[in-house]
Amino acid sequence: LAFSEPPSGQASWVSDPANPVPFTAQTTSGVPSTFMVEDQRFAQERPDVRTFQTPPLQADLTVAGAMKIGLWVSTTGTDADWVVKVIDVFPGDAPEPMANYQMLVRSEVMRGKFRNSFETPQPFTPGHATRVAFNAQDVLHTFQKGHRIMVQVQSSWFPLIDRNPQTFVNIYTAAASDFKSATQTLFLGGATASRIDLPVLR
């Protein structure tokens, strides 16, 4: 989450299944065709979304291929979703309406119980630092000089991804009492530094 040495410490937020992070700011009963180009500032404003960004780039940076995501996390629950969004932030002096526009480049989610195997789900041990690794889809994108690279991390993305009870149960037969708030923690430095490997085209 930084080009040089990662920051120290950790970032935490409360994920509430009764108030999930929406995938769009629109009021809709379906999936609007424009959600992939929707300005992501609506998500950044939420307390259950953690945002990291670089300073303005000093030169164009082209990424090509699969982004490798390696998070170190913990949860007070026994299951959790981990959503990562890579965003191109336009400069403030860009022509309107593109000034400060947050363009979604790639996004991916890992349902935590499947972090080691899709065939054999495993619960989290509450409060225990755990590695969750997965790939985002291939990309070919140039972050232009003066733009910023932003990463948003969250634990819900509704209704594009169904709500996780944050309890290790079969979601499709879960009772209302299984849906519980949980504190999610993202570790940032040291041996448990979360990171995204960008395949840079030189």
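Refer to the structure printed above.
Residues numbered from 1 in each chain as written. Predicted model: local features only at pLDDT ≥ 70, side-chain atom pairs only at ≥ 80, totals over all residues. Heavy atoms only, no water.

S.K.: Quick question: what am I supposed to make of the sheet that holds strand β2 (residues 49-53) here?
M.R.: Strand-to-strand pairing in sheets goes through backbone hydrogen bonds, with the strands running parallel or antiparallel. The strand order β2-β9-β5-β6 describes an open sheet built from four strands, whose pairing is antiparallel. Looking at the sheet topology across the chains shown, the edges are occupied by β2 and β6 (102-111). Mean inter-strand twist for the sheet, computed between neighbouring axes without regard to direction, equals 20°. In the sheet, strand β5 (residues 81-89) pairs with strand β9 (residues 148-154) via seven bridges, with the strands oriented antiparallel. If you follow K85 over to β9, its bridge partner there is Q152. (Pairing = 2+ DSSP bridges. Helix = DSSP H or I, 4+ residues; strand = E, 2+ residues; numbered from the N terminus. Axes fitted to C-alpha atoms, helices over the stretch in contact; angles between N-to-C directions.)

S.K.: Quick question: what am I supposed to make of the side chain of E38 here?
M.R.: Within the element layout of this structure, E38 appears in the loop between β1 (10-15) and α1 (41-44). Although buried, E38 forms no salt bridge, and the nearest oppositely charged side chain, K85, lies 9.2 Å from it. Among the polar contacts listed, one links the side chain of E38 to the side chain of T24, at a separation of 2.6 Å. One polar contact links the side chain of E38 to the main-chain amide nitrogen of A25, over a distance of 2.8 Å. Discounting chain neighbours no more than four positions away, the residues touching E38 are F23, T24, A25, Q26, Y101 and Q102. (Buried < 20%, exposed > 50% of the residue type's maximum accessible area, 1.4 Å probe, protein only. Lys, Arg positive; Asp, Glu negative; His and termini not counted. Salt bridge = Lys/Arg side-chain N within 4 Å of Asp/Glu carboxyl O. Polar contact = N/O pair within 3.5 Å; in protein donor to acceptor, adjacent residues only side chain to side chain. Contact = heavy atoms within 4.5 Å.)

S.K.: Looking at this structure, how should I read the pairing of β6?
M.R.: Consecutive side chains along a regular strand alternate between the two faces of the sheet. Of all ten residues in β6, seven are buried; the element is thus mostly enclosed. Across nine bridges, the pairing between β5 and β6 is antiparallel. By the bridge assignment for β6, V86 is matched with R106.

S.K.: Please explain the pattern of salt bridges as it appears in this structure.
M.R.: Counted by the stated rule, this structure contains six salt bridges. Residue D79 is joined to K113 by a salt bridge in which the shortest nitrogen-to-oxygen separation is 3.8 Å. One end of the pair, D79, is in the loop between β4 (68-75) and β5; the other, K113, is in the loop between β6 and β7 (130-135), with 34 residues separating them in the sequence. Overall, the relative accessible area of 0% leaves D79 in the buried class. We classify K113 as buried; its relative accessible area is 7%. Note that R111 is salt-bridged to D81, the shortest N-O span being 2.7 Å. In this pair, R111 is assigned in strand β6 and D81 in strand β5, connecting sequence segments 30 residues apart. No difference in accessibility class separates R111 from D81, as the two residues are buried. Through salt bridges with shared partners, a single ionic network connects D81, R111 and D162.

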